[in-house]
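Here's the letter readout for the chains.
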Amino acid sequence: MDSTAAPLECADGVFFIEGPASNWIILRDGREFSVIDSGYPGDVGDFVKSIRQLGLEPRNMAALLVTHGHVDHTGAARMLSDNFHIAVLSGAAEHGQMIGREKNQVSPRHILVKAWQPRVRRLHQRSPRRAARGTPGH
């Protein structure tokens, strides 16, 4: 749990937490708070620690908003739901991942298949630099 940086307040009540391989955001208004994303499943200890560093307790969280169903965003979702009955909010497309029925992660093959779609091809044609950049977890 020593690999997570201390919460960085990047705006009033908005705290950015850089975990070992993923990030999450705590939105705090006094004693009330919600969180956006929750890192990898292995980050649960760091996730809870970051909440407590702000003098908050996970059981008092209003909600966890999951931006999308990749495993680097859903790590603590099941624990929060099962242990603290926290509302986990996500889009309908992520429902399978949220309940554990699916585990979706982008593969290099998926990226190559999507890269040939007309909309993506047009974007590449307008782009001045055509270099692939790694984005872990995406």
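Remember, predicted model here, so these are calculated numbers, not experimental data. (Residues numbered from 1 in each chain as written. Predicted model: local features only at pLDDT ≥ 70, side-chain atom pairs only at ≥ 80, totals over all residues. Heavy atoms only, no water.)

Caption draft 1: Representation of the nonpolar core. Counting residues in hydrophobic clusters, the biggest one holds 20 residues, and the most contacted among them are Ile-26, Val-35, Phe-47, Ile-51, Met-61, Leu-64 and Leu-80. Contributing elements (two or more residues each) for this core: β2 (14-18), β3 (23-29), β4 (32-36), α1 (44-53) and α3 (77-84). Ignoring anything within four residues of it in the chain, the contact list for Met-61 reads Phe-33, Ser-34, Val-35, Phe-47, Ile-51, Leu-80 and Ile-86. (Core = buried A, V, L, I, M, F, W, Y, C linked by side-chain atoms within 4.5 Å. Buried < 20%, exposed > 50% of the residue type's maximum accessible area, 1.4 Å probe, protein only. Helix = DSSP H or I, 4+ residues; strand = E, 2+ residues; numbered from the N terminus. Contact = heavy atoms within 4.5 Å.)

Caption draft 2: Examining the confidence of the model for the protein chain more closely. Predicted confidence across the protein chain gives a mean pLDDT of 80, with 72% of residues reaching 70 or more. pLDDT under 50 marks residues 120-137. Its contacts with residues more than four places away, or in other chains, come to 11 contacts. (pLDDT = per-residue confidence, 0-100.)

Caption draft 3: Up close: the pattern of salt bridges. Per the stated rule, a full pass over the model turns up three salt bridges. Between Arg-52 and Glu-57 there is a salt bridge, with the nearest N and O atoms lying 3.1 Å from each other. The exposure class of Arg-52 is partly exposed, given its relative accessible area of 44%. Note on Glu-57: relative accessible area 24%, which makes it partly exposed. Here Asp-82 and Arg-78 are joined by a salt bridge, their closest N and O atoms 3.6 Å apart. Of the two residues, Asp-82 and Arg-78 both sit in helix α3, four residues apart, roughly one turn of that helix. Take Arg-78: its relative accessible area is 48%, and that puts it in the partly exposed class. (Salt bridge = Lys/Arg side-chain N within 4 Å of Asp/Glu carboxyl O.)

Caption draft 4: Quick look at the side chain of His-73. Mapped onto the secondary structure, His-73 falls in helix α2 (residues 71-74). At 3.4 Å, the side chain of His-73 forms a polar contact with the side chain of Thr-67. A polar atom in the side chain of His-73 sits 3.3 Å from the side chain of His-68. (Polar contact = N/O pair within 3.5 Å; in protein donor to acceptor, adjacent residues only side chain to side chain.)

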